[in-house]
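Report on the structure
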Amino acid sequence: MSDQPIDLRETVRERYAAAAVQVAEGGTACCGPQAIEIDDNFGSTLYAPDERDALPAEAVAASLGCGNPTAVADLHEGERVLDLGSGGGIDVLLSARRVGPTGKAYGLDMTEEMLALALANQKKAGATNVEFLKGTIEAIPLPANTIDVVISNCVINLSTDKPSVFAEMFRVLAPGGRIGISDVVADDELSPAQRAERGDYVGCIAGALSFAEYREGLAAAGFTDIALTPTHAVADGMHSAIVRAIKPSTTPRTLVQVSATEANGGSCCGGGGC
């Protein structure tokens, strides 16, 4: 069996661990942490100034995403939110402010260095309705039907097992729950090889699905009302996109809901007689 997925995951982990260390060490300098340099298509510049100003500088500096999912997730007071690949915690902390003290914001990350940075940022922000979890987005360490909204910022494209990610999002969402994520998505005509020419896994490009593949993957997991909206180009034929979908509200008709007469074929005792 090939070790390529394991190798790619370790490559991603090492990159984000190094980014977390860079931000943490920068926080001890006289002028505070410097943002991780990528380009104008990624990072903290995609957030409004008032959002950046309300958070610890280290959370802003560690932002490596391709969008601002909290701006499109339509979060409400009291909701439970899960951020996949939460990094330094910028989207978790913004979500916590939106759902308020009666809601809760979870952050999931596989990188210990990022989790340590996120916990430090949580403490600085004084956020009490926040919990950070260690794990992978392919095996979310939360029970089924416990989350109202799943968000993510340019992380799902890094996974080497996207069907598992989509299935796990569907599993943890409560019926009627939704996703509101930012991700890198490729034009349908680009082959995987052409996508790889435009970047690598760590650069958030090579692992990107096409628009059609993304829709098909979410539908296969059970999602409905799927919409992908490109926001800006990150490379030739590659886009940052807003991805929305809903887990249907279903109320299966169980035996508890069936009357005794119906269950017994129309007779009080079943079988047509006593």
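For the structure, check the block above.
What counts, and at which threshold
- Residues numbered from 1 in each chain as written.
- Predicted model: local features only at pLDDT ≥ 70, side-chain atom pairs only at ≥ 80, totals over all residues.
- Heavy atoms only, no water.
- Helix = DSSP H or I, 4+ residues; strand = E, 2+ residues; numbered from the N terminus.
- Buried < 20%, exposed > 50% of the residue type's maximum accessible area, 1.4 Å probe, protein only.
- Pairing = 2+ DSSP bridges.
- Right-handed = clockwise from strand over helix to strand, strands pointing away.
- Contact = heavy atoms within 4.5 Å.
- Expected span 1.5 Å × (residues − 1).
- Arc of directions from axis to C-beta.
- Axes fitted to C-alpha atoms, helices over the stretch in contact; angles between N-to-C directions.
- Parallel < 35°, antiparallel > 145°, perpendicular 65-115°, else oblique.
- Left-handed = near helix turned anticlockwise from the far one by under 90°.
- Nonpolar A, V, L, I, M, F, W, Y, C, P; charged D, E, K, R; others polar.

1. Considerations on unusual backbone geometry
In this model, N145 sits at a positive phi of 60 degrees, which is unusual for a non-glycine residue. Tracing the backbone through its elements, the reader meets N145 in the loop between β3 (130-134) and β4 (147-152). Accessibility expressed as a relative area gives 40% for N145, which makes it partly exposed. Despite not being glycine, C154 shows a phi value in the positive range, around 60 degrees. In this structure, C154 sits in the loop between β4 and α6 (162-172). You can call C154 buried: its relative accessible area is 1%.

2. Observations regarding the pairing of strand β5 (residues 173-186)
With 12 of its 14 residues buried, β5 lies for the most part within the structure. Two strands pair when backbone bridges link them, and β4 and β5 are joined in this way by three bridges, in the parallel orientation. Directly across from V150, in β5, lies its bridge partner I179. Tracing the backbone out of β4, into α6 and back to the parallel element β5 gives a crossover that is right-handed. Taken together, the nine bridges between β5 and strand β7 (residues 238-246) define a ladder with antiparallel strand orientation. Its bridge partner lying in β7, G180 is registered against R244.

3. Some words on helix α4 (residues 90-99)
The buried count for α4 comes to eight of 10 residues, which makes it a mostly enclosed element. Residue G100 follows α4 closely and has a positive phi angle near 75 degrees.

4. Topic: the pairing of β4
Where burial is concerned, most of β4 is hidden: six out of the six residues are buried. In the sheet, strand β1 (residues 80-84) pairs with β4 via four bridges, with the strands oriented parallel. For L82, the partnering residue across the bridge sits in β4 and is V150.

5. What about the environment of G222?
Secondary-structure assignment places G222 in the loop between α8 (211-221) and β6 (224-235). Not counting residues up to four positions away in its chain, the partners in contact with G222 are F170 and P248.

6. Quick word on helix α5 (residues 112-125)
Look at α5: 20 Å from first C-alpha to last across 14 residues, which is about the 20 Å you get at 1.5 Å a residue. Turning to α5, its buried residues number three or more, namely M114, L115, L117, A118, N121 and Q122. All buried residues of α5 project into a common sector of 160 degrees when viewed along the axis, lining one side. Opposite the buried face of α5, by more than 90 degrees, sit the exposed residues E112, K123 and K124. Downstream of α5 by one or two residues, G126 has phi in the positive range, about 70 degrees.

7. Focus: the packing of α6 against α8
A pair of packed helices is captured by two measures, namely the crossing angle of their axes and the spacing between those axes. Where α6 contacts α8, the two axes come as close as 9 Å, and the packing angle between them is 45 degrees. By the criterion of interaxial angle, the relationship of α6 to α8 is oblique. Here the hand of the crossing between α6 and α8 comes out right-handed. Here F166, A167, M169 and F170 of α6 lie close against α8, whose contacting residues are Y214, G217, L218 and A221. When its residues are assigned to classes, the contact of α6 with α8 shows seven nonpolar, one polar and no charged.

8. Looking at the sheet that holds β5
What the seven strands build is an open sheet, ordered β3-β2-β1-β4-β5-β7-β6; its pairing is mixed. Of all strands in the sheet, those bounded by a partner on one side alone are β3 and β6. Strand after strand, the sheet turns through a mean of 15 degrees between neighbouring axes, direction not considered. Together, β1, β2 (104-109), β3 and β4 form the strand contacts of α4, whose direction differs from that of β2 by roughly 165 degrees.

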